[in-house]
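A structural walkthrough
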Amino acid sequence: MRTKRVTFRHRWLPYLLVAPQIVITAVFFLWPASQAIYQSVLREDAFGLKTEFVGLANFERLFSDSAYLESFWTTIVFSALVAGLSMGIALVLAVMADRVIKSALVYRTVLIWPYAVAPAIAGVLWWFLFNPTIGIGAYAMGQLGYDWNHFQDGNDAMALIVIAAAWRQVSYNFLFFLAGLQAIPRSLIEAAAIDNAGPFKRFWSIQLPLLSPTVFFLLVVNVVYAFFETFGIVHATTGGGPGNETVILVYKVWRDAFEGLNLGSSAAQSVILMVIVIALTAIQFRYIERRVEY
Amino acid sequence: MADITLNHIRKVYPGGVEAIPGLSVDIEDGELCVLVGPSGCGKSTLLRMVAGLEEVTGGEISIGGRKVNDLEPADRDIAMVFQNYALYPHMSVYENMAYGLKNQGTPKAEIRERVNEAAGILGLADFLERKPRQLSGGQRQRVAMGRAIVRKPQVFLFDEPLSNLDAKLRMKTRVEIRDLQQRLKTTAIYVTHDQSEAMTLADKLVVMNAGRIEQVGPPIALYERPATKFVAEFIGSPPMNFIPGHAGADGVTIGEGVKLDDRPHQHGEVSVGIRPEHLVRDTAGPLSVDVRVVERLGASGNVYGWVEQTGSELVASLTDATLPQPGETMRMSVDPAMLHLFDRETGDRLD
Ligand SMILES: Nc1ncnc2c1ncn2[C@@H]1O[C@H](COP(=O)(O)OP(=O)(O)OP(=O)(O)O)[C@@H](O)[C@H]1O
Ligand SMILES: [Mg+2]
């Protein structure tokens, strides 16, 4: 079969049409990225008077720096907790909404709101809720016999940024899970009900396996989110503390550059993060095509 | 093995749609009961209530003498074949068939034995490791059948199981279903809107219209003595012709004194039903037909035209040798014993 194609008579018109996109990409991604790569192989003295080329020394130093490796570990724990918590809650909500689809519109509208809140504002919100002296959340925990203080307790601090970060992401995950559940034909669930499978069995053996492409997609999205978009949350709530317990990689990039004034190291860290996000995106593209056919 | 009794079953959907206003029917043990009717008449609704997938608003359903209204689908000892087959896409053919048995806690060895037996009967032995998407439509249909028979249920429920197959395969599978059901002697309810499927499969045929039963009986009885005009039109292909007429003391006449039957009646204004296959060409016949279209099917053919005397549309099925040319006017007659008389207002049969 031959398809009709639109052909441009002018050679430059197509380039003109994609030009704005290319300019935006260049200004906001390619240029800073190349700057980061350039910076990552240089070392500046503390007064910014002298720069010298040091090759991969910045990277070598990073991987032998225990503070950096610790931050790596903190980030892995943090993103695993954020992805697990936000996806778990979203899945439970989606399964419940799938059963009462008539009121799902209300559900959906209310649940999408948190997603519209900027990370920094989400951070401030939760900072207030769990402030040890004035927060209602901290007060409630106190009533339950738990002495909440994320300024002193590293686990409390981690819990706080995990909750603040996951809360924003629940709505996004919920929408995808609900759409995934609704794409499963009703008759499959009914057939399983006739085949002696109770609600839990149906969920584990029919719905969840059929949802696996969605789970995989969201896993990557949530890890990317936890790695790269949570700077505002950390900055507004714990500021990396207590000690360095909640210094995740993006936060460390910023702190080393603007507080530590170590531009070379910070740039090297940015390059590493960039490699990670490119790898995750590649995985995403490689496997996202695997769809279920009913 | 079980009989099924539906006693004043009623269904009102949330939102107030009364799909079934109150319906009773008895299905005997080992019988294949076909529900047939136009789209939206409530066939699927009825079947799904028997399956337990739809709540019953009123009345009582019992299977094998046991009231099942409040039982879960799994506890009713039924199996269902869905129109889209509803195979589990992530499981192999074997796993699809074994799923129900596994959930019942059947021992592994027995599951293997029963799945293999069913696969043998249905000719699926070579496909057991495949996923549903690697099968043709006909093979998927067999897997759906296999999933139903491995569990050896008391009742089979079929909701238009053949409507996704092409015409030839549909005919072949129809015979296989009939054969299988008779061999297993399992009571079955079969929903279709295809009248030839209904005629060939049914022990008991139920014609439904707007949630009500129009007529119940063996298919031949419904063909020979349809109780209403609706049934007469629905059963038989091409459908029955209706010509307005008069059935009085001087016999059955149409138009200006065209006599079809001499025997006296006292019905007055009627609708005279004539099956296309009961019309024959006859130079001395009372009907004069303007032929418009002729469909030749091989051994026979269908003639579409108008009755000259009344202006009514008419279809006749004739043997190939007696087919006219389009544009011709031909005379036809019908055996008076084959006439059906219906009330013009209510559509009820008059004799
Ligand atoms: N979930 C539902 N909610 C409300 N009304 C429904 C629902 N399902 C079916 N109905 C209505 O009930 C009536 C019967 O529907 P049903 O599906 O039983 O028809 P059917 O005879 O199976 O038709 P078809 O041959 O097209 O499958 C229809 O008027 C339909 O609109
Ligand atoms: Mg239906």
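These lines cover the structure that appears in this document, whether it is placed above or below. Fair warning: this is a prediction, and the values are worked out from it, not measured in the lab. (Residues numbered from 1 in each chain as written. Chains lettered and ligands numbered in written order. Predicted model: local features only at pLDDT ≥ 70, side-chain atom pairs only at ≥ 80, totals over all residues. Heavy atoms only, no water.)

A word on the interface of chain A and chain B
Listed per partner, the contact involves 18 residues of chain A and 23 residues of chain B. Carbon and sulfur atoms make up 58% of the area that chain A and chain B hide from each other, which totals about 1,800 Å². Per-residue buried area on chain A facing chain B is highest for A:I194, A:D195 and A:N196; these three make up 38% of the total on that side. Run the count over chain A and chain B and you get 2 salt bridges. Along the contact surface separating chain A from chain B lie 11 residue pairs in polar contact (both at pLDDT 80 or more). Of all the secondary structure elements, the ones that give two or more residues to the side of chain A that touches chain B are helix 8 (186-194) and helix 9 (199-228) of chain A. Considering every element that reaches the side of chain A that touches chain B, the biggest residue donor is helix 8 of chain A, with 7 residues. Of the residues contributing to the side of chain A that touches chain B, the split by class is 11 nonpolar, 3 polar and 4 charged. (Contact = heavy atoms within 4.5 Å. Buried area = accessible area lost by both parts, 1.4 Å probe. Salt bridge = Lys/Arg side-chain N within 4 Å of Asp/Glu carboxyl O. Polar contact = N/O pair within 3.5 Å; in protein donor to acceptor, adjacent residues only side chain to side chain. Helix = DSSP H or I, 4+ residues; strand = E, 2+ residues; numbered from the N terminus. Nonpolar A, V, L, I, M, F, W, Y, C, P; charged D, E, K, R; others polar.)

Observations regarding the site of ligand 1
All names here are of chain B. The immediate surroundings of ligand 1 are formed by Y13, A19, S39, G40, C41, G42, K43, S44, T45, E160 and H193. Taking Y13, its side chain carries an N or O atom lying 3.3 Å from a nitrogen atom of ligand 1. K43 is positioned such that a nitrogen or oxygen atom in its side chain is 2.8 Å from an oxygen atom of ligand 1. In isolation ligand 1 offers 640 Å² of accessible surface; the protein chains occlude 61% of this area. Per-element accounting of the shell around ligand 1 gives the leading share, 3 residues, to helix 1 (residues 43-51). (Near = heavy atom within 4 Å. Areas by Shrake-Rupley, 256 points an atom, 1.4 Å probe, with all protein chains shown as cover.)

Details of the pattern of salt bridges
Residue and element names in this part refer to chain B. Under the definition given, this model contains 15 salt bridges over all chains. Between E328 and R281 there is a salt bridge, with the nearest N and O atoms lying 3.3 Å from each other. In this pair, E328 is assigned in the loop between strand 18 (313-319) and strand 19 (329-334) and R281 in strand 15 (residues 279-281), connecting sequence segments 47 residues apart. On the basis of relative accessible area, R281 is assigned to the partly exposed category, the value being 34%. (Buried < 20%, exposed > 50% of the residue type's maximum accessible area, 1.4 Å probe, protein only.)

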